[in-house]
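Chain residues, written in single-letter form:
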Amino acid sequence: MNTPQTPMTIGAVAKRVGVAIDTIRYYEREGLLPEPLRRASGYRSYDEGAVRQLRFIRRAKDLGFTLEEIRDLLALSADRQRGVKAVKKRAQERLAAIEERIAELTRVRDGLEQLIDACPGHGSPEHCPILRALADQEDEA
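Draft legend 1. Highlighting helix α4 (residues 67–77). Listing the buried residues of α4 in full gives Leu67, Ile70, Leu73, Leu74 and Leu76. Lining the buried residues of α4 we find α2 (21–29), α3 (48–62) and α5 (83–118).

See the structure below:
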């Protein structure tokens, strides 16, 4: 197993974190990961810090944070005075957005359930409540 002093290739880091090599390169281009050191051969050389940072990014993405928000979180994680308060605020904002999305999806689900319940599943298409609801343009304004 790699120790903190053992440099790792991009493939080894990708495997440890569970992301694609292209994802690591993308995060580097986006400034979410610092440019790695290069070996004499030109290959990238990573340390445990890169593994920790990639895990941070992956977990933040799993929680629904955008790359821009993750960039802010990474910057705030280094702010010893105001970082924790600001991180909490960002997490609260993300939670509010998720709750709003859940409410929206619940409304969509309930509407779809009503349409499905109203549809007999047979007959002519012009009598299908699902097709009529999809074709109805009165609600668009």
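Draft legend 2. Looking closely at the nonpolar core. Formed by 21 residues in total, the largest nonpolar core has its most connected members in Val13, Ile24, Tyr27, Leu32, Leu54, Ile57 and Ile70. The set of elements that each furnish at least two residues to this core consists of α1 (10–17), α2, α3 and α4. By residue number, the principal contributor to this core is α3, which donates five residues. Leave out the neighbours within four places in its chain, and leucine 54 touches Val13, Val17, Ile24, Tyr27 and Leu33.

Draft legend 3. A look at the layout of surface pockets. In this structure, the largest pocket spans a volume of roughly 190 Å³. Lining the largest pocket we find 13 residues, and of these Pro36, Ser45, Tyr46, Asp47 and Ala50 sit closest to its centre. No other element matches the three residues that α3 contributes to the lining of the largest pocket. Of the residues contributing to the lining of the largest pocket, the split by class is seven nonpolar, three polar and three charged.

Thresholds, definitions, all that
Residues numbered from 1 in each chain as written. Predicted model: local features only at pLDDT ≥ 70, side-chain atom pairs only at ≥ 80, totals over all residues. Heavy atoms only, no water. Buried < 20%, exposed > 50% of the residue type's maximum accessible area, 1.4 Å probe, protein only. Helix = DSSP H or I, 4+ residues; strand = E, 2+ residues; numbered from the N terminus. Contact = heavy atoms within 4.5 Å. Core = buried A, V, L, I, M, F, W, Y, C linked by side-chain atoms within 4.5 Å. 1 Å grid on protein atoms, 1.4 Å probe; cavity = no way out; pocket = protein on both sides within 12 Å on 5 of 7 lines; lining within 4 Å. Points joined across faces, edges and corners; volume = space filled by probe spheres on them. Nonpolar A, V, L, I, M, F, W, Y, C, P; charged D, E, K, R; others polar.

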